[in-house]
Amino acid sequence: MSTVTVTEFIEAPADDVWALLVDLPARAAWLRTVGGVEPLTTGPFGPGTAWREIRTRPDGGDQAEEFVVLEAEPPHRLLLSSPGIGVDYRITWTLRTVRRRGRGCTAVTVEHQAVPTAPYGRVLALLFGGLAARAVEGAIRWDLADLATAATRADGVAAA
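Residues numbered from 1 in each chain as written. Predicted model: local features only at pLDDT ≥ 70, side-chain atom pairs only at ≥ 80, totals over all residues. Heavy atoms only, no water.

I'd love a proper account of the nonpolar core, names of residues and values included.
Formed by 29 residues in total, the largest nonpolar core has its most connected members in Ile10, Val17, Leu80, Trp93, Val108, Leu144 and Leu147. Listing elements by their share of this core, those giving two or more residues are β1 (2-10), α1 (14-22), β4 (62-73), β5 (77-83), β6 (87-100), β7 (103-116) and α3 (119-151). Among the elements that make up this core, the one with the highest residue count is α3 (six residues). In this structure, Leu144 is in contact with Val6, Thr7, Glu8, Ile10, Trp93, Val108 and Val110, ignoring residues within four places of it in sequence. (Core = buried A, V, L, I, M, F, W, Y, C linked by side-chain atoms within 4.5 Å. Buried < 20%, exposed > 50% of the residue type's maximum accessible area, 1.4 Å probe, protein only. Helix = DSSP H or I, 4+ residues; strand = E, 2+ residues; numbered from the N terminus. Contact = heavy atoms within 4.5 Å.)

Quick one: what's the story with unusual backbone geometry, residue by residue and with numbers?
A cis amide bond links Pro74 with the next residue in sequence, Pro75, at an omega value of -10 degrees. Relative to the assigned elements, Pro75 resides in the loop between β4 and β5.

Got a sec to walk through the packing of aromatic side chains? Specific residues and values, please.
Counting across every chain of the model gives two aromatic pairs. Considering the side-chain rings of Phe45 and Trp51, the 6.1 Å spacing of their centres and the 40 degrees angle between planes classify their relative orientation as tilted. With a relative accessible area of 1%, Trp51 lands in the buried category. Grouping aromatic residues by their ring pairs yields a cluster made of Phe45, Trp51 and Phe67. The ring of Trp142 carries Arg32 above its face, with NZ or CZ at 4.7 Å from the centroid. (Phe/Tyr/Trp six-rings, centres within 6.5 Å; stacked < 30°, edge-to-face > 60°. Lys NZ or Arg CZ within 6 Å of the ring centre and 35° of its normal.)

Account for the side chain of Ser82, with residues named and values stated.
Looking at the element boundaries, Ser82 is found in strand β5. Residue class for Ser82 comes out buried when judged on its relative accessible area of 5%. Side-chain polar atoms of Ser82 contact the backbone oxygen of Glu66, separated by 2.8 Å. Apart from residues lying up to four places away in sequence, Ser82 is in contact with Glu66, Phe67, Asp88, Tyr89 and Ile91. (Polar contact = N/O pair within 3.5 Å; in protein donor to acceptor, adjacent residues only side chain to side chain.)

Tell me about the pairing of β4, and name the residues and values.
Sheet topology places strand β3 (residues 50-56) next to β4; seven bridges connect them, and they run antiparallel. What sits directly across from Ala50, in β4, is Val68. The pairing of β4 with β5 spans five bridges and is antiparallel. From the neighbouring strand, Val68 faces β5, where its bridge partner is Ser81. Linking β4 to β5, which pair antiparallel, is a turn of three residues. (Pairing = 2+ DSSP bridges.)

Next comes the structure, spelled out in structure tokens:
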């Protein structure tokens, strides 16, 4: 199992950051690598909510990723599952209010775990683990930077 963890400080209240994370139709508007979001379930956001995102890969191609909410504790913790080929991914978003530079802000930590589900998944993890971890870290940093930008926009786009 490989784990990548990244933390970003966002100068916005945790409630506003949470609102952005769980507003599925708006995700494509603030995430630079997401070209579209397709809800796979209906009803309020919470455990069982599922959606598909079309993400742009670094090589310019598109890739569909599906996510399912396993746990949601607004506005503090969101645990997602995303199935892969030979590996399942667990993505945990943790939001906590902190003081930084004398002001309140939200520390957002994303932990991305890759759990092999088949023997070839373990082999691939051994062969490409470091490269994959760097790619995942870069993608998380982009998502967090986009989240910070959206949460602090003055035009109200990010206001929930």
